[in-house]
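These are the residues of each chain, in order.
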Amino acid sequence: MQKYVLEKGFGYKAFMFIAFSLFALVMYQGHIKNGGIYSILFFIGVGLCAFQVASFIYVLLVKRCIEINIDENVVSWKIYDNKKLHKEESVNRNEIKEVKTEVSYLTGNVYSSFTVTFVLQDDKEVVLNDGLIYDFGLKKAEEVCRFLLDNDLGDKQDIKFSKLVKQMNIDLSKEQKFTKKDGSSYYTGVISKNKKEFLGLRLQIESLYKEYKKVVKNSNNEYLIESDTIKDSFIYLRSNAIGLFVEFYNVAKKEDLKSLKEMGHRNKIGF
């Protein structure tokens, strides 16, 4: 079982209060002059400001904790407000088809929310998140993701990486790179806190493997490419709460990918 005390998010609430106040102020000018839709938007803005004030007072008085328990058969969690049970959920593991974790950002790098979605065999979704007025925070969100992966819950590629880290007894507190050959696959793992590491690895792959041009997945945390000429062959780069993981499957020539630490922490990434 893991227990997490949620953050009260005072900075986030102050940011939102200022944003909603500015919005309401602008709409107020239209409300005075024209009324109509401006009046509606003005009152919505005032309501959002009031919600931020109320949520600020609530979290000031109430401590929220989440207990997550995972065993062989069930994933369950309990939410407590000042030690009083607020909500309880559970999911049978044999009913889970997919587990998705997502950190959302309000704007730029301003943290907004963390969500774990359990997609069941009947496509029903059961959601664990930090709600509207509390925050897991980025550090605790990573801890939850690692806890799930330790119990084989998460993206298949992330679970594969988690098992590899355990097999090789990798110390996650140290920045490092490691490799392993396993049948038709060749793995490269990178443990790093550098936010540019994903981009650095991706640019190396694009530069060194020009024959792999078919892009299958392309997002801010995964990059999967296949060859047009080599059947059943791919290169899959993915980042997660543990680190970065590259799988070369049926790739004849394996180039040595370098971490940013090995390249001397370049400020600008280029090859």
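Rules behind the numbers
- Every chain begins its residue count from 1, and numbering advances along the sequence as written.
- Side-chain atom pairs in this predicted model are given and counted only at pLDDT of 80 or more, local residue features only at pLDDT of at least 70, and totals for whole chains, interfaces and linings cover all residues.
- Where side-chain values are given, they derive from all heavy atoms of the structure, hydrogens and water being excluded.
- Each helix corresponds to a stretch of at least 4 residues labelled H or I by DSSP, and each strand to a stretch of at least 2 residues labelled E; elements are numbered beginning at the N terminus.
- Buried, partly exposed and exposed residues are distinguished by accessible area as a fraction of the type maximum, computed with a 1.4 Å probe on protein chains only: under 20%, between the cut-offs, and over 50%, respectively.
- Whether two residues touch is decided by their heavy atoms; if any such pair falls within 4.5 Å, the residues are in contact.
- Computed by Shrake-Rupley with a 1.4 Å probe, the accessible areas treat only the displayed protein chains as cover when residues are assessed.
- In this tally, Lys and Arg are treated as positive and Asp and Glu as negative; His is ignored, and so are the chain termini.
- For this purpose, a charge sits on NZ of Lys, CZ of Arg, CG of Asp or CD of Glu.
- Two N or O atoms count as a polar contact when they lie within 3.5 Å, although within protein this holds only if one can serve as hydrogen donor and the other as acceptor, and sequence-adjacent residues are included solely when both atoms are side-chain atoms.
- Two strands pair under a simple rule: DSSP has to find at least two bridges between them.
- Helix axes use the C-alpha atoms of the stretch in contact, all axes being lines fitted to C-alpha atoms, and the angles between their N-to-C directions lie in the range 0 to 180 degrees.
- Here a cavity means grid points, on a 1 Å grid over the protein atoms only, where a 1.4 Å probe fits yet cannot get out; a pocket means an open set of points with protein on both sides within 12 Å along at least five of seven lines; lining residues are those with an atom within 4 Å of a point.
- Grid points are joined across faces, edges and corners, and a volume is the space filled by probe spheres set on the points.
- Think of it as three bins: nonpolar holds Ala, Val, Leu, Ile, Met, Phe, Trp, Tyr, Cys and Pro, charged holds Asp, Glu, Lys and Arg, and polar takes everything else, Gly as well.

*Asks:* Help me understand the overall build of the protein in this model?
*Replies:* Scanning the protein from terminus to terminus reveals five helices and 13 strands. If you line up the protein on its principal axes, its C-alpha atoms span 70 × 45 × 40 Å. Among the 271 residues that make up the protein, the fraction classed as buried is 41%. Here the analysis covers contacts within the protein between residues at least 6 apart in sequence; of these, 48% occur between residues at least 24 apart. Of the roughly 15,700 Å² that the protein leaves accessible, carbon and sulfur atoms contribute 53%. Of note, the protein has its 41 positive side-chain charges centred 5 Å away from the centre of its 35 negative side-chain charges.

*Asks:* Would you mind showing me how to read the side chain of R202 here?
*Replies:* For R202, the location among the structural elements is in helix α5 (residues 197–208). Of the polar contacts made by the side chain of R202, one reaches the side chain of N218; its length is 2.7 Å. Setting aside anything within four residues of it in sequence, one finds R202 in contact with N218, Y223 and L237.

*Asks:* How do you make sense of the sheet that holds strand β2 (residues 64–70) when you look at a structure like this?
*Replies:* With antiparallel pairing, the four strands of this open sheet are ordered in space as β1-β2-β3-β4. Every interior strand has two partners, whereas the edge strands, β1 (2–5) and β4 (84–92), have only one. The average angle at which neighbouring strand axes cross in this sheet is 15°, direction not considered. With eight bridges connecting them, strand β3 (residues 74–81) and β4 associate as antiparallel partners. Paired with I79 across the bridge in β4 is K87.

*Asks:* It is not clear to me how the environment of V215 should be interpreted in this structure. Could you clarify?
*Replies:* Structurally, V215 is set in strand β10 (residues 214–218). By relative accessible area, V215 is classed as partly exposed at 45%. Considering only alpha carbons, one finds V215 and E89, 126 residues apart in sequence, at a separation of 38 Å. Discounting chain neighbours no more than four positions away, the residues touching V215 are Y223, L224 and I225.

*Asks:* Would you explain the layout of surface pockets in this entry?
*Replies:* The space that makes up the largest pocket amounts to roughly 1,700 Å³. Taken together, 42 residues line the largest pocket, and the ones lying closest to its centre are E142, N221, S239, N240 and A241. For the lining of the largest pocket, a count of residues per class yields 15 nonpolar, 13 polar and 14 charged.

*Asks:* I would appreciate a short explanation of the sheet that holds strand β12 (residues 234–239) in the present structure.
*Replies:* Strand pairing in a sheet relies on backbone hydrogen bonds. The paired strands run either parallel or antiparallel. Strand order in the open sheet made by the six strands is β8-β9-β13-β12-β11-β10, with antiparallel pairing throughout. What marks the edges here is a single partner per strand, and that holds for β8 (176–182) and β10. The sheet shows a mean angle of 10° between the axes of neighbouring strands, taken without regard to direction. Of the strand pairs in this sheet, strand β9 (residues 185–191) and strand β13 (residues 244–249) are connected by six bridges, and their pairing is antiparallel. Bridging from a neighbouring strand, T188 pairs with V246 of β13.

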